[in-house]
Amino acid sequence: MLLQLNHIYKWVKQGGKRVFLLNDISLDVEEGEFISIMGPSGSGKSTLLNVIGMLDEFQEGEYIFDGEPVHSLKEKQRAKLYKEYIGFVFQAYHLIDELTVYENIETPLLYKNIKSSERKALVADMLDRFNIVGKKDLFPAQLSGGQQQLVGIARALIAKPKLILADEPTGNLNSKQGEEIMELFKELNTEGVTIIQATHSESNAAYGNRIIHLLDGSKQLQPQN
Amino acid sequence: MLKNYIKIAFRNLWKDKSFTLLNLLGLSIAFAAALLLAMYAFFDLSYDQFHKNKEAIFQVYYTEQTPGGRALATSMPVPFAPALREELPNIKHVTRYMSDGALNLEEGKELNLRLIFTDPDFFEMFTFETLLGSADVLKENSKISITEETAQKLFGRTDVLGQSLNLLINGRKEAFTVGSILKDIPITSGLRFDVAVNFTHSPNYAENLDRWDARNHSVFIQLDEGATPSALTKSAASFTNLHYQGNIEDLKRDGAQPNANGNYLELNLLPFKDMHFADFSGDSLKVSRAYPYMILGIGLLILFIAGINFVNMSIARSAQRLREIGMRKTLGAAKKQLFFQFWSESVWIFLIALLLGIGLSLALESPFRQLFNTPARLTDLSSSTLLIALFISFILITFIAGGYPALVLSKLGTLKALKGKLDLAGKNRVRNVLMVVQFSIAIVLISGTFVLGKQLDYMRNKDLGFNKEEVIAIPLNGKRANRQNVALLRNELAGKPGILSVSASDNNLGLGRDGSTYFSRMGFDYKGRGVATNMLVVDYDYPETLGLQLKEGRTFSRSFSGDSLSIVINEAMARELQEKEPVNKQIILDDSITYTIVGVLKDYNFQSLSKKIEPISMFMNRDWDLYYAFIKIAPQNRVQSFEAIEDAWKRIEPNAEFLGSFIDENIDRTFKRERTMTTIISSGSLIAIILSCIGLFAISMLVVTQRTKEIGVRKVVGASVAQITFLLTKDFLKLVGVAFLIAAPVAWWLLSQWLQDYEYRIELHLWIFLAAGLLAVFIALVTISFRTIRAALKNPVESLRTE
Ligand SMILES: Nc1ncnc2c1ncn2[C@@H]1O[C@H](COP(=O)(O)OP(=O)(O)O)[C@@H](O)[C@H]1O
Ligand SMILES: [Mg+2]
């Protein structure tokens, strides 16, 4: 088991009343799974991914990651966990505008204090793999959306995470580019990387081997599942 | 990692060119100003600090309980120093010190030299390096020490040991041999001289050998290692009671009150290293380094203002970097690493600004030295301790100004940052407080400029009770006896057009071009009481030449034969004597000589305007020397008259330098400190304003950018250009208003403290501070309006489209 959510509640207070963003979410994820979280806009997909990615807090419930109880960990230890095991891919790419493609991909390695020669090799592999060697000295603004997202994924993968969290990775791309990204995820998954993606597109969700439906922060049981 | 930081730092700096430029501009101006001010201040602080024994050397002074209160005296009688050495323990060295002028009498090369009379110990105590010859040369009565510079001037070379030299000292010609050559006196030395001769050559040395009541020189002592000045002061009580017995009895008789220790006369020691900062004129010794520290303080304030700009701009711009921060955090950046990244970006700006600032200060060094009339040099700052201090302050500034925004940014939550949400309310409060501080400083400095300028103006234009515009004072530095030269001047100038009258006295008014100041005071018994007065030896026509007003009686006159025993006093002296009708009253000096008061002059400011007008008595005894000639000219053709006088002097004393100057110039020269202070404060406030405006400009630019959409919407809804400009401006004006409320009382208090030093001073009025505040408001308005009006004028469709 890679991670386990038990009865997670997350709420915000509005006018003295609790507004639930996540309502009694339980979820087991095995290593090697490819999970799609589906739901309309505002249903809580991003919130759930952020909780799984330990970027966000929750008020009630248990979260166990790789045998570690996340809910009772200190902020620092949590940060260490996700640094080590989790890679993020965002809808808005979130590349650093002032860094070139090469430097963007290299950044996570810098924070892991990896030696320069090793860094070079790793980044070169990644550029090769995504066929963007020719673009390595360009800045994000000089790339198309699909290319930017490729760089985003390359960056998420470079530190060899166990889990990739992708929040609508194809949301800003046209359908052809989106398909390419999905194929890539599929390929990564077969190599053993666990992937959880949020999406509101049926066709993208179908790439996963399990689909979770969210509505207003609650898991929905779908007839076909 | 570091490479990555540097790269991104420079890319960011390049991307935000306008902010980088504004920051570099502000910081480099601030660094340059701070460096120059530090140079000035440290120069002042380094006065007399080069002596190796400075910790053990003290100047001796007396605290005297007079009936009128406590008074300090640094003048000592001739037998004092030898007796001190004999009778008190723990004294390693003692030296007497008296400065005078001398004229070198070599073949037509008549040079005025600064001469000191001193004891052989002098060169053991003070660090004036002997280059040639031996340091104890003064043990031989006829040998002298001269500085290299003097040797060069006199002989055209410096290896002049054994050369003989004829000097005219106080009208007496004496022959000396050069016994040693000294390295030139450092400019930071308070003790300055060209020639040192044995104290036994001092005027009236033989007559005063055993007199304890004739005081005319300073005394310095060096204590044994481990001895404390307070122990010496205590053990000096019996010494004082023995040697000043008569003096003390007089004080008791006159009704003086003993001090807390029960003493009427007490020997005290001033640490020599404080000498440059000591003021003996009050009723207790004041050692104050306030002036250099104030200048250093202004430098720090300027740095502070520039630092505030930097902090405010960094925080305001951080909104643009939130996503990067969030992203880096998800990529695994620790707070520490983010802090270091943002901080190192600041360090680059500071470093570049420092280099530019150093360049700028080097470029401005010589105009600065001229403007502020200081011999200080930037290279004076290159001593190792100072360099370390400057380096530490630089690190501190980068740490605070660069560290605070870095800390704020690195502490942001990951998600918040990713979503681009920044809790700006709290940050705006910090920004507003900092801007208020900035403008408060600027308003205080502007008020300072106004008040100092007004006081200086007041002092320059005040009616001092004599004619300073049409009287020329000439230092009598000729070879001939001074009285003879005065007579010759009278002859030469008699009947010349524009010359109204010629007189002389033994003291100048203000500070002449000869640079010498001196006062002469005496005390005597009058009707069973001790009284004190300033003394002035004058020639005929002195009050007339200077335009002094006669109150009663008459002035010295050629038609009265006995006027060498007459005196003319001022009103303050009449009060000191407690005589309603002082004319024809008699006073007895030196136990036997009776003088008669023949006239009373209206009070006039013969001393600094920081003092009340003191008693003065004028004598016309022809046995006493005169040192300055005074010549009154007609208001027309001042230049021609001045030249005629110069020509006359050149004919009389062809080899002596003509140092004549109008008295108003001399008075002006005494305001050197006030003038420098006014210049420093006004340029300080100018820089403070420029820097504050750079900050304000940058912030207004950011605010306008942030509110572009709001402005567009408001215009679409029908707001006028004026309304929008007002909307954007009023928040800033509020800050300046608050700054005024804080700054005005502070400035009022500081400036009224400063004015306390002047007996004659301007009054502080509210409008001075209001004017300073309004000026700040006006400048702020102009600065902001560059951006706000442009934003308000912009086509709303355009601003909405850019969103
Ligand atoms: N910090 C927050 N405070 C209040 N409401 C929030 C907060 N974060 C998210 N929400 C709300 O929670 C709901 C779920 O949001 P989100 O997880 O972003 O949905 P999705 O990603 O599925 O579109 C939305 O209605 C959103 O407005
Ligand atoms: Mg979402």
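The model shown is predicted, which means the values in this text are computed figures rather than measured ones. (Residues numbered from 1 in each chain as written. Chains lettered and ligands numbered in written order. Predicted model: local features only at pLDDT ≥ 70, side-chain atom pairs only at ≥ 80, totals over all residues. Heavy atoms only, no water.)

**Q** Which residues make up the overall build of chain A, and what values do they have?
**A** When helices and strands are counted, chain A shows seven helices and 10 strands. Its C-alpha atoms give chain A a radius of gyration of 18 Å, within 12% of the compact-globule value 17 Å for 225 residues. Principal-axis analysis of the C-alpha atoms gives chain A an extent of 50 × 40 × 35 Å. Across the 225 residues of chain A, 52% fall into the buried class. Per element, the accessible surface of chain A, about 10500 Å² overall, is 47% carbon and sulfur. (Helix = DSSP H or I, 4+ residues; strand = E, 2+ residues; numbered from the N terminus. Rg over C-alpha atoms; globule rule 2.2 N^0.38 Å. Buried < 20%, exposed > 50% of the residue type's maximum accessible area, 1.4 Å probe, protein only. Areas by Shrake-Rupley, 256 points an atom, 1.4 Å probe, with all protein chains shown as cover.)

**Q** So what about the overall build of chain B? Which residues, and what values?
**A** Tallying secondary structure elements over chain B gives 25 helices and 25 strands in all. For chain B, the C-alpha atoms occupy an extent of roughly 100 × 60 × 55 Å along the three principal directions. When the 803 residues of chain B are sorted by exposure, 52% land in the buried category. If you take every contact in chain B between residues at least 6 apart in sequence, the share linking residues at least 24 apart comes to 79%. If you sum the accessible surface of chain B, you get close to 36100 Å²; carbon and sulfur atoms cover 57% of it. (Contact = heavy atoms within 4.5 Å.)

**Q** Let's hear about the sheet that holds strand 5 (residues 68-69) of chain A: which residues, and what values?
**A** Residue and element names in this part refer to chain A. The sheet built from four strands is open, its strands ordered 2-1-4-5 with antiparallel pairing. Single-partner strands in this sheet number two, and they are strand 2 (17-29) and strand 5. Looking at chain direction, strand 4 (residues 60-65) and strand 5 are connected through two bridges and run antiparallel. If you follow Phe65 over to strand 5, its bridge partner there is Glu68. Of the strands in this sheet, strand 1 (3-14), strand 2 and strand 4 are in contact with helix 1 (residues 45-52), which crosses strand 2 at around 60°. (Pairing = 2+ DSSP bridges. Axes fitted to C-alpha atoms, helices over the stretch in contact; angles between N-to-C directions.)

**Q** Please set out the interface of chain B and chain A residue by residue, giving values where relevant.
**A** If you look at the interface, chain B gives 24 residues, while chain A gives 23 residues. Of all residues in chain B, the largest losses of buried area upon contact with chain A belong to Arg11, Leu331 and Leu415 of chain B, amounting jointly to 27% of the total for that side. Contributing elements (two or more residues each) for the side of chain B that touches chain A: helix 1 (2-15), helix 11 (322-330), helix 12 (335-371) and helix 14 (414-418) of chain B. In terms of residue count, the dominant contributor to the side of chain B that touches chain A is helix 1 of chain B (seven residues). (Buried area = accessible area lost by both parts, 1.4 Å probe.)

**Q** Can you tell me about the side chain of Arg431 of chain B, naming the residues and giving the values?
**A** Residues and elements named next belong to chain B. Here Arg431 shows up in helix 15 (residues 424-461). Despite being buried, Arg431 has no salt bridge partner; Asp731 is the closest side chain of opposite charge, sitting 6.6 Å away. A polar side-chain atom of Arg431 sits 3.4 Å from a polar atom in the side chain of Asn432. (Lys, Arg positive; Asp, Glu negative; His and termini not counted. Salt bridge = Lys/Arg side-chain N within 4 Å of Asp/Glu carboxyl O. Polar contact = N/O pair within 3.5 Å; in protein donor to acceptor, adjacent residues only side chain to side chain.)

**Q** Which residues make up empty space enclosed by the protein, and what values do they have?
**A** Counted under the stated rule, the structure contains five cavities of 30 Å³ or more. A volume near 180 Å³ is recorded for the largest cavity. The wall of the largest cavity is formed by 15 residues, among which Ser314, Arg317, Arg321, Glu345 and Ser346 of chain B lie closest to the centre. Going through the elements one at a time, helix 10 (290-317), helix 12 and helix 13 (384-410) of chain B are the ones with two or more residues in the lining of the largest cavity. Space inside the second largest cavity adds up to approximately 130 Å³. In terms of lining residues, the second largest cavity is bounded by 14 residues, among which Ile86, Pro108 and Ala159 of chain A together with Thr330 and Leu331 of chain B are the most central. (1 Å grid on protein atoms, 1.4 Å probe; cavity = no way out; pocket = protein on both sides within 12 Å on 5 of 7 lines; lining within 4 Å. Points joined across faces, edges and corners; volume = space filled by probe spheres on them.)

**Q** If you had to explain a nonpolar patch on the surface to someone new, which residues and values would you point to?
**A** The grouping of Ile388, Phe391, Ile392, Ile395, Leu396, Phe399 and Ile400 of chain B at the surface amounts to a nonpolar patch, some 700 Å² of accessible area in total. Along the chain, Ile388 of chain B turns up in helix 13. (Patch = residues over 30% accessible without salt bridge, like charges linked within 9 Å, V, L, I, M, F, W, Y side chains within 5 Å.)

**Q** An account of the packing of aromatic side chains is requested, with residue identities and associated values reported.
**A** All names here are of chain B. What the rule picks out here adds up to 49 aromatic pairs over all chains. Measuring from ring centre to ring centre gives 6.0 Å for Phe199 and Tyr205, while their planes differ by 80°; the resulting arrangement is edge-to-face. Take Phe199: its relative accessible area is 0%, and that puts it in the buried class. Here Tyr205 falls in the buried class, since its relative accessible area comes to 17%. A centroid spacing of 4.3 Å and a plane angle of 45° characterise the contact between Phe368 and Phe372, whose relative ring orientation is tilted. In this pair, the class of Phe368 matches that of Phe372, namely buried. By way of ring pairs, the aromatic residues Phe50, Tyr97, Phe122, Phe123, Phe126, Phe128, Phe193, Phe220 and Phe272 are connected into one cluster. For Lys17, the ring lying beneath its charged end belongs to Trp14, and the centroid distance is 4.5 Å. Taking NZ or CZ as reference, Arg638 lies 4.1 Å from the ring centre of Phe662, over its face. (Phe/Tyr/Trp six-rings, centres within 6.5 Å; stacked < 30°, edge-to-face > 60°. Lys NZ or Arg CZ within 6 Å of the ring centre and 35° of its normal.)

**Q** Go over the sheet that holds strand 9 (residues 210-215) of chain A, please, and point to the residues and values.
**A** All names here are of chain A. The sheet built from six strands is open, its strands ordered 6-7-8-3-9-10 with mixed pairing. Strands at the two margins of the open sheet, each flanked by one partner only, are strand 6 (86-90) and strand 10 (218-220). Across the sheet, the axes of successive neighbouring strands diverge by a mean angle of 25°, strand direction being ignored. In this structure, strand 6 lies alongside strand 7 (residues 163-167), joined through five bridges in parallel fashion. The residue of strand 7 that forms the bridge with Phe90 is Asp167. Contacting strand 6 and strand 7, helix 5 (residues 145-158) crosses the sheet at an angle of about 170° to strand 6. Relative to strand 8 (residues 194-199), helix 6 (residues 175-190) is tilted by about 155°, and along the sheet it contacts strand 3 (34-38), strand 7 and strand 8.

**Q** Which residues make up the side chain of Ser218 of chain B, and what values go with them?
**A** All names here are of chain B. Within the secondary structure, Ser218 sits in strand 11 (residues 215-223). The exposure class assigned to Ser218 is buried, which follows from its relative accessible area of 18%. What Ser218 contacts, discounting residues up to four positions off in sequence, is Gln59, Thr74, Thr95, Arg96 and Tyr97.

**Q** Account for unusual backbone geometry, naming residues and giving values.
**A** Positive phi values are uncommon outside glycine, yet His7 of chain A reaches one of about 50°. Within the secondary structure, His7 of chain A is located in strand 1. Not every positive phi belongs to a glycine, and Asn204 of chain B is a case in point at roughly 60°. With respect to the helices, strands and loops of the structure, Asn204 of chain B is situated in the loop between strand 10 (195-198) and helix 6 (205-208). Under the relative-accessibility criterion, Asn204 of chain B is labelled partly exposed at 47%.

**Q** Tell me what's going on with the UniProt feature "domain: ABC3 transporter permease C-terminal" (unreviewed entry) in chain B, and back it up with residues and numbers.
**A** All names here are of chain B. Mapped onto this numbering, the UniProt entry annotates "domain: ABC3 transporter permease C-terminal" (unreviewed entry) at residues 298-412 and 685-791. When the span residues 298-412 is considered, its composition is 81% helix and 0% strand, and the gap between its end C-alpha atoms is 35 Å. Helix and strand shares over residues 685-791 are 87% and 0% respectively, and the end C-alpha atoms of the span are 30 Å apart. (UniProt positions renumbered as here; feature names shortened; annotations may be inferred.)

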